[in-house]
Amino acid sequence: IGRPGQLPLRLDGGRLHDGEVDLRVISAQASSAILFAALAAKTSVTIKTYRSSRDHTPRILRALGGEVIRESDKITLRPSRLRAIGECSVPRDPSAAAFFAIKHVLSHAQVSLVLRDLCLNPSRLGLYELLKQCGANLVIQPETVSLGEPVGSITIGPQVRPLQPFAVYDVN
């Protein structure tokens with residue numbers, strides 16, 4: 001462990017058993033890896049978190065028939081048989097549209113910009129919520145749900161009043 005050019009990690013194989021994981025990192029990827037491992041092993045797992053991270057995997061697992069229980073600081077997955085996905089539509093990433101949204105707000109355009117078919121998962125909309133707090137003429141409109149994810153449009157209208165300043169605080 002810790003040799004140059006290698007990860008400081010050692011993996012020992014074995015059967016995965018029911019249990020609780022105390023996840024001290026804020027990582028949707030780490031949570032997802034644990035959930036997928038439990039799903040593959042047909043075992044229950046509870047993940048204790050200290051701050052929420054993106055929740056795409058629990059939403060999709062639940063939409064596919066997984067028994068996912070969400071409490072304030074815990075996610076539990078019970079052994080589940082998921083239904084086949086078949087054909088699905090993957091919504092667009094709201095982060096990919098951020099440049100266009102900010103440019104539109106700052107350009108004082110007299111027309112509306114409509115960003116369609118976006119994933120409107122609340123964990124992905126921080127920038128848009130911040131723009132609203134600053135006074136941007138912005139409406140988030142959920143229209144449907146796809147595999148547990150809200151999907152819809154964000155309309156940014158003409159900016160009729162000056163934007164208000166904002167502050168960013170470290171919440172750790």
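Up top you'll find the structure we're talking about.
Residue indices begin from 1 for each chain and proceed along its sequence in written order. Where totals are concerned, whole chains, interfaces and linings use all residues; where local detail is concerned, this predicted model gives features only for residues with pLDDT of at least 70, and gives and counts side-chain atom pairs only at 80 or more. The basis for the side-chain values is all heavy atoms of the structure; hydrogens and waters are excluded.

### Examining the environment of Pro122
In step 1: Relative to the assigned elements, Pro122 resides in the loop between strand S5 (113-119) and helix H4 (126-133).
In step 2: On the basis of relative accessibility, which here comes to 57%, the residue Pro122 falls in the exposed class.
In step 3: Along the primary structure Pro122 and Asp55 are separated by 67 residues, whereas in three dimensions their C-alpha atoms are 9.3 Å apart. Helix and strand labels come from DSSP, where a helix needs a run of H or I of at least four residues and a strand needs a run of E of at least two; each type is numbered from the N terminus. Per-residue accessibility, obtained with a 1.4 Å probe over protein chains only, is compared with the maximum for each type, and a residue is labelled buried under 20%, exposed over 50%, and partly exposed between these values.

### Side note on the pattern of salt bridges
In step 1: Criterion for a salt bridge: a side-chain nitrogen of Lys or Arg within 4 Å of a carboxyl oxygen of Asp or Glu. Evaluated as defined, the whole model comprises seven salt bridges.
In step 2: Between Arg124 and Asp93 there is a salt bridge, with its nearest N and O atoms 2.2 Å apart. Of this pair, Arg124 sits in the loop between S5 and H4 while Asp93 sits in the loop between strand S4 (74-78) and helix H3 (98-107), placing them 31 residues apart in sequence.
In step 3: We classify Arg124 as buried; its relative accessible area is 11%.
In step 4: Measuring nitrogen to oxygen at the nearest pair gives 3.8 Å for the salt bridge that ties Lys132 to Glu129.

### Notes on the nonpolar core
Side chains of a nonpolar character, in soluble globular proteins, are inclined to be buried together.
In step 1: In plain words, nonpolar cores are sets of buried Ala, Val, Leu, Ile, Met, Phe, Trp, Tyr and Cys residues tied together by side-chain atoms within 4.5 Å. One finds Leu115, Tyr128, Leu138, Ile140, Ile154 and Ile156 to be the most contacted residues of the largest nonpolar core, which totals 15 residues.
In step 2: Broken down by secondary-structure element, the contributors of at least two residues to this core are H3, S5, H4, strand S6 (138-146) and strand S7 (149-156).
In step 3: Broken down by element, this core gets its largest block of residues, three residues, from H3.
In step 4: Not counting the four nearest positions on each side in its chain, Ile140 is found in contact with Leu120, Leu125, Tyr128, Glu129, Lys132, Ser153 and Ile154. Residue contacts are counted whenever heavy atoms from the two residues lie within 4.5 Å of one another.

### A closer look at helix H1 (residues 28-41)
In step 1: What a helix is expected to span follows from its residue count: subtract one and scale by 1.5 Å. Relative to the 20 Å expected for 14 residues at 1.5 Å per residue, H1 spans 20 Å between its end C-alpha atoms, a close match to the ideal helical length.
In step 2: Among the residues making up H1, those that are buried are Ala28, Ser31, Ser32, Leu35, Ala38 and Leu39. For H1, the angular spread of buried residues about the axis comes to 130°, placing them on one side. Among the exposed residues of H1, those pointing more than 90 degrees away from its buried face are Gln29 and Ala40.
In step 3: As for H1, its buried residues are in contact with strand S2 (45-48), helix H2 (56-63) and S4. Note: the arc covers the axis-to-C-beta directions of the helix.

### Some points on the sheet that holds S2
In step 1: Any two strands with at least two DSSP-identified bridges between them are counted as paired. Read across the sheet, four strands follow the order S1-S2-S4-S3 without closing on themselves; strand pairing throughout is mixed. Whereas interior strands pair on both sides, the edge strands pair on one side only; in this sheet they are strand S1 (19-22) and strand S3 (67-70). Neighbour-to-neighbour, the strand axes of this sheet turn through a mean angle of 15°, independent of strand direction.
In step 2: One ladder, built from four bridges, connects S3 with S4; its direction is antiparallel. Bridge assignment links Glu67 to a residue of S4, and that residue is Arg78.
In step 3: Axis definition: a line fitted to C-alpha atoms, limited for helices to the stretch in contact. Angles are taken between N-to-C directions and run from 0 to 180 degrees. Together, S1, S2 and S4 form the strand contacts of H1, whose direction differs from that of S2 by roughly 170°.

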